[in-house]
Amino acid sequence: MPIPRPRVGLMVTCLNDALFPDTGRAVVSLLRRLGVDVEFPAAQTCCGQPMVNTGYLDEAVPLVRNHLDAFAGYDAILAPSGSCAGSVRHQHGLVARRSGDPGLIRGVESAPPVYELSEYLVDVLGVVDVGAYFPHRVTYHPTCHSLRMLGVGDRPTRLLRAVRGLTLLDLPGSGECCGFGGTFAVKNSETSIAMGNDKARHVRSTGAEVLVAGDNSCLMHVGGLLSRQRSGMRVMHLAEVLAQTEPVVERRTERAADPTSVGSAVPDATTEAVR
Amino acid sequence: MSGTFLGTPAFPAAARAALEDSQLRRNLAHATSTIRTKRGNVVGEVDDWEQLRLAGEAIKNRVLRHLPDYLEQLERSLTAAGATVHWARDAAEANAVVVDIARRHGTDEVVKVKSMATQEIDLNSALEAAGIHAWETDLAELIVQLGDDLPSHILVPAIHRNRAEIREIFLREMGRAGRAAPADLTDEPARLAAAAREHLREKFLRAKVAVSGANFAVAETGTLTVVESEGNGRMCLTLPEVLVSVVGIEKVLPTFQDLDVMLQLLPRSSTGERMNPYTSTWTGVTPGDGPQEVHVVLLDNGRTDVLADPTGRQALRCIRCSACLNVCPVYERTGGHAYGSVYPGPIGAILTPQLRGVGTDPQTDSLPYASSLCGACFEVCPVRIDIPEVLVHLRAEVVDAHRKASRVPSVQDVAMKAASWTLSSAARTGAAERVAGIGGKLAGRLGRTAPGGRSILGAVPGPASAWSDSRDVPVPAAESFREWWTRTDGGRSRSDNTDGGRSRSDNTDGGRRNGDGA
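Residues numbered from 1 in each chain as written. Chains lettered and ligands numbered in written order. Predicted model: local features only at pLDDT ≥ 70, side-chain atom pairs only at ≥ 80, totals over all residues. Heavy atoms only, no water.

Chain B goes by L-lactate dehydrogenase complex protein LldF in an unreviewed UniProt entry, where it is assigned to Pseudonocardia alni.

Chain A appears in an unreviewed UniProt entry as L-lactate dehydrogenase complex protein LldE from Pseudonocardia alni.

K.L.:
Looking at this structure, how should I read the overall build of chain A?
P.N.:
Scanning chain A from terminus to terminus reveals 16 helices and 7 strands. Scored against the burial criterion, the 275 residues of chain A give a buried share of 61%. For chain A, the share of sequence-separated contacts (at least 6 apart) that also reach a separation of at least 24 residues comes to 78%. Here chain A displays about 10100 Å² of accessible surface, and carbon together with sulfur accounts for 54% of that area. (Helix = DSSP H or I, 4+ residues; strand = E, 2+ residues; numbered from the N terminus. Buried < 20%, exposed > 50% of the residue type's maximum accessible area, 1.4 Å probe, protein only. Contact = heavy atoms within 4.5 Å. Areas by Shrake-Rupley, 256 points an atom, 1.4 Å probe, with all protein chains shown as cover.)

K.L.:
In this structure, what is going on with the interface of chain A and chain B? I would like to understand it.
P.N.:
Interface extent is often summarised as the accessible area lost during association of the parts. Across the contact, 82 residues belong to chain A and 85 residues belong to chain B. Regarding the contact of chain A and chain B, the summed buried area is about 6900 Å², with carbon and sulfur atoms giving 54% of it. Counting across the chain A and chain B interface gives 11 salt bridges. Between arginine 333 of chain B and glutamate 176 of chain A there is a salt bridge, and its shortest N-O distance comes to 3.0 Å. There are 34 residue pairs in polar contact (both at pLDDT 80 or more) connecting chain A and chain B. For the side of chain A that touches chain B, the element with the most residues is helix H12 (residues 189–205) of chain A, which contributes 8 residues. Counted by class, the side of chain A that touches chain B contains 39 nonpolar, 23 polar and 20 charged residues. (Buried area = accessible area lost by both parts, 1.4 Å probe. Salt bridge = Lys/Arg side-chain N within 4 Å of Asp/Glu carboxyl O. Polar contact = N/O pair within 3.5 Å; in protein donor to acceptor, adjacent residues only side chain to side chain. Nonpolar A, V, L, I, M, F, W, Y, C, P; charged D, E, K, R; others polar.)

K.L.:
What's the story with the side chain of serine 468 of chain B in this structure? I'm lost.
P.N.:
Take serine 468 of chain B: it is sitting in helix H22 (residues 465–468). When sequence neighbours within four positions are dropped, the list of residues in contact with serine 468 of chain B reads Arg228 of chain A together with Gly458, Ala459, Val460 and Val473 of chain B.

K.L.:
Would you mind showing me how to read the UniProt feature "domain: Cysteine-rich" (unreviewed entry) in chain A here?
P.N.:
Residues and elements named next belong to chain A. Feature annotation in UniProt assigns "domain: Cysteine-rich" (unreviewed entry) to the following positions: residues 10–88 and 138–222. Across residues 10–88 one finds 57% helix and 6% strand; the C-alpha atoms that close the span lie 13 Å apart. For residues 138–222, helix accounts for 49% and strand for 12%, while the C-alpha atoms at its two ends are 15 Å apart. (UniProt positions renumbered as here; feature names shortened; annotations may be inferred.)

K.L.:
Which parts of the structure should I look at to understand the confidence of the model for chain A?
P.N.:
Close reading of the predicted structure is inappropriate where its pLDDT is low. Of the residues in chain A, 90% reach a pLDDT of 70 or more, and the chain-wide mean stands at 91. Under a pLDDT of 50 for its full length, residues 261–275 of chain A has, in the predicted model, 36 contacts with residues more than four places off or in other chains. (pLDDT = per-residue confidence, 0-100.)

K.L.:
Before we go on, may I ask you to explain the domain arrangement of chain B in this structure?
P.N.:
Here chain B is described as being made up of domain 1 (11–306) and domain 2 (433–491). Distance between the C-alpha centres of domain 1 of chain B and domain 2 of chain B: 54 Å. (Domains from an automatic or database assignment.)

K.L.:
Please clarify how the packing of aromatic side chains should be interpreted in this entry.
P.N.:
Any two aromatic rings considered together are summarised by their centre-to-centre distance and by the angle between their planes. Inspection of the entire model under this criterion finds 10 aromatic pairs over all chains. Taking the centre distance of 6.1 Å and the plane angle of 65° together, the rings of phenylalanine 71 of chain A and tyrosine 74 of chain A count as edge-to-face. Taking relative accessible area as the criterion, phenylalanine 71 of chain A reaches 1% and is therefore assigned buried. Aromatic side chains tryptophan 484 of chain B and tryptophan 485 of chain B sit 6.2 Å apart centroid to centroid with 70° between the ring planes, which places their arrangement in the edge-to-face category. Taking relative accessible area as the criterion, tryptophan 484 of chain B reaches 0% and is therefore assigned buried. (Phe/Tyr/Trp six-rings, centres within 6.5 Å; stacked < 30°, edge-to-face > 60°.)

K.L.:
How do you make sense of helix H3 (residues 49–65) of chain B when you look at a structure like this?
P.N.:
Side chains three or four residues apart in an α-helix point the same way, a direct result of the helix having 3.6 residues per turn. Residues and elements named next belong to chain B. Between its first and last C-alpha, H3 extends 24 Å over 17 residues, near the 24 Å set by a 1.5 Å rise per residue. Residues Trp49, Leu52, Arg53, Gly56, Glu57, Ile59, Lys60, Val63 and Leu64 constitute the buried set of H3. Each buried residue of H3 lies within a common arc of 165° when the element is viewed along its axis, so the set occupies one face. Away from its buried face by more than 90 degrees, H3 exposes Gln51 and Arg65. Those residues of H3 that are buried lie in contact with helix H2 (22–44), helix H4 (67–80), strand S8 (252–253), helix H12 (256–270), helix H13 (303–307) and helix H18 (376–380). (Expected span 1.5 Å × (residues − 1). Arc of directions from axis to C-beta.)

K.L.:
Which parts of the structure should I look at to understand the sheet that holds strand S7 (residues 234–237) of chain A?
P.N.:
Sheet strands line up and pair through hydrogen bonds in the backbone, either parallel or antiparallel. Residue and element names in this part refer to chain A. A sheet is described by the order of its strands in space; here 4 strands give the open sequence S5-S4-S6-S7, paired in parallel fashion. Pairing within the sheet leaves two strands with one partner each, and these edge strands are strand S5 (167–169) and S7. Neighbour-to-neighbour, the strand axes of the sheet open up by a mean angle of 35°, direction not taken into account. Taken together, the 4 bridges between strand S6 (residues 210–213) and S7 define a ladder with parallel strand orientation. Its bridge partner lying in S7, valine 210 is registered against arginine 234. (Pairing = 2+ DSSP bridges. Axes fitted to C-alpha atoms, helices over the stretch in contact; angles between N-to-C directions.)

K.L.:
Before we go on, may I ask you to explain the UniProt feature "domain: LUD" (unreviewed entry) in chain B in this structure?
P.N.:
Feature annotation in UniProt places "domain: LUD" (unreviewed entry) on residues 71–299 of chain B, given in this structure's numbering. Secondary structure over residues 71–299 of chain B splits into 43% helix and 21% strand, and the C-alpha atoms at its two ends are 11 Å apart.

K.L.:
Explanation requested: the sheet that holds strand S2 (residues 109–112) of chain B in the structure shown.
P.N.:
All names here are of chain B. Here 6 strands make up an open sheet; going across it, the order is S1-S10-S7-S4-S2-S3 and the pairing parallel. Here the strands that pair on one side only, and so sit at the sheet edges, are strand S1 (84–88) and strand S3 (133–136). Taking the axes of each pair of neighbouring strands and ignoring which way they run, one obtains an average angle of 25° across the sheet. Across the sheet, helix H5 (residues 91–104) touches S1, S2, strand S4 (209–212), strand S7 (242–248) and strand S10 (293–299), and the angle it forms with S10 is around 165°.

K.L.:
Would you explain the nonpolar core in this entry?
P.N.:
Among soluble globular proteins, nonpolar side chains are generally buried collectively. Ranked by size, the top nonpolar core spans 134 residues in total, and within it Phe170, Ile347 and Ile350 of chain B carry the most contacts. With 8 residues, the single largest contributor to this core is helix H19 (residues 387–405) of chain B. Contact partners of phenylalanine 170 of chain B, with chain neighbours within four places excluded, come to Leu139, Leu142, Ile143, Leu146, Ala181, Leu185, Leu192, Ala195 and Ala196 of chain B. Membership of the second largest hydrophobic core comes to 38 residues, among which are Val8, Val28, Tyr140 and Ala239 of chain A. (Core = buried A, V, L, I, M, F, W, Y, C linked by side-chain atoms within 4.5 Å.)

K.L.:
Sorry, what's going on with the packing of H12 of chain A against helix H1 (residues 11–19) of chain B here?
P.N.:
A packed helix pair is summarised by two numbers, namely the angle formed by the two axes and the spacing between the axes. In the contact formed by H12 of chain A and H1 of chain B, the axes pass within 8 Å of each other and the chain directions differ by 45°. On the basis of their axis angle, the class for H12 of chain A and H1 of chain B is oblique. Contacts between H12 of chain A and H1 of chain B involve Glu190, Thr191 and Ala194 of chain A on the former and, on the latter, Phe11, Ala15, Arg16 and Leu19 of chain B. A breakdown of the residues in the contact of H12 of chain A with H1 of chain B according to their chemical character gives 4 nonpolar, 1 polar and 2 charged. (Parallel < 35°, antiparallel > 145°, perpendicular 65-115°, else oblique.)

Put into structure tokens, the structure is as follows:
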């Protein structure tokens, strides 16, 4: 009798759903390539972190309940966000206990385990080389919640180092918060921007073309500053980089011009010259 | 002579003023990064640092669980050693005790060891009102006092000042408070320290009464401890005839052996030193040696209220090392004055609202929000105070207090309720996304293209300006992930593919062209 395949539910997160659907598609594409047919439970909405972190724990209760209902019956939950995975792992219990509803407390305790993308790839699937190709200079910002709340450690950078064509550049002061912090970005916008500008300065100093992180919320903040500064830098979610594969190039000239990989596009020499 | 935090605006406004002071920004960034590096080095060389932290947490938790017992034991030990114990419920009671002692000795001045507890109760003002000068003898506290300034850091109260500013303050003010600074004073640290030494020595030799705090108070022996770097504390603790120590009730430790753990955790966490230069311990009165009249004021001032809160009480584990200030990205940019409190930084943001009580004034209620919840503070805390957890907990208390106080819900209340209603149903969420998507399509025409191809908007008027004044705004996706999944059966239908977006025809492609990030 065949062993039933584990059912993995994609918790795409509300921010990615509405603003960054490409990240969700990249996760789907990446996981299919790795043999995991991830499902998208359509009843899902938001983990409730915005309410919890602003002090509205009662308002988070229906969202926690909805999360539990949406992912009931799954073996694992996969979230392309350190922050939202951290919220489910560490805040749902808090919300449930405060609600005083024993059913909700039991529900949170027996909920399927939630994994951030790099945790799922490295710990559950046991892969580091996901077969990706991305011929760019990249720097990686470890977001606070993936770094300190989840403790993903070097999993994301191990994944990035295994990407063919990719050059990973060290980010100075990488462990320092970018200043997003949810409603902090608006309630204390001047402080948030001061932190973000320092982060952007460090990112630009690396000479990378692309800033990669595991949270689109932080990237929205730093990316918003980088584009306002007309830095020419691009921000990408880790999933989008890992989903990239070598394109099939038909024109013979392009293939011949590429020193790194047969069949890929031409690496850009002009950016090197500019810096 | 000392200023007061009264009237400080709420954190966002105070922070704005601090952020505009580029001198302050530079002083703080330099000082905090130096001390962060030092701490990192000396902590890194301790193999059992995590075990030490766990031990520190356990000791302090035991203290808090049995606080009344240990305090009574401390009182018995102190009394047996010849000290006089006073209990103070609040600042007024504590100040009255110190003023009374000074008056009984007919003195119009006291010398002070650096102490957060006496800052907290604003003892200097109370003494001043009674006609008694309180001379701060810690170098940084002296700088703050002479400059008619407020401390901005728990450990380094003048961290916001650089040496040029210090030289100017010494030249201008020292003569008014005692021995003047030499006219040819430079901003060399050694010269500045020498000027302070000359100025302070007169006061040490003259004063009859000294006031201190205590880092730790050992219940089993009645031993008080002061940990310092300059030796000024040792002068105050040994030269005058009378010593009064104002000690927060959470400072008690059960046994002398518990000091072992704390004296390893504290210097490495605070000054980034393996061991601090001066550790003074004294047990009541030693006949013929040191102060012959020793008083200890055990101060509550809101601490039992903090103890009553199961989540918030961990703040009472704090040993005032200030490691959390030095790693805090918010503190590094705003400095301590923005917190409008004797206790600034992350620990101040959880301790001050608890000591003062939330729901009373907007300044206090702004403090739990003065954090991006990045968690760096928890990571370095030697007694493992989960500051982000307490911050979130206090935010909930602030929200509850406001809801109870006002029948009219705030804009934030309404927004959060609406968001909760929308986001607790996938159907409502989907509908909201479709509306946003239509808005996004329209907005996309007004916006420009960011590197990588996504549409963004520049500065937007109205409530969005808090975000968009300095940050571009991503335009909502024309098609949400949820809609895409339904339309394409999760990318399985032929109308779409999921190759990472390379061959999609829309402009959100991921890496079709090379060099597009340059």
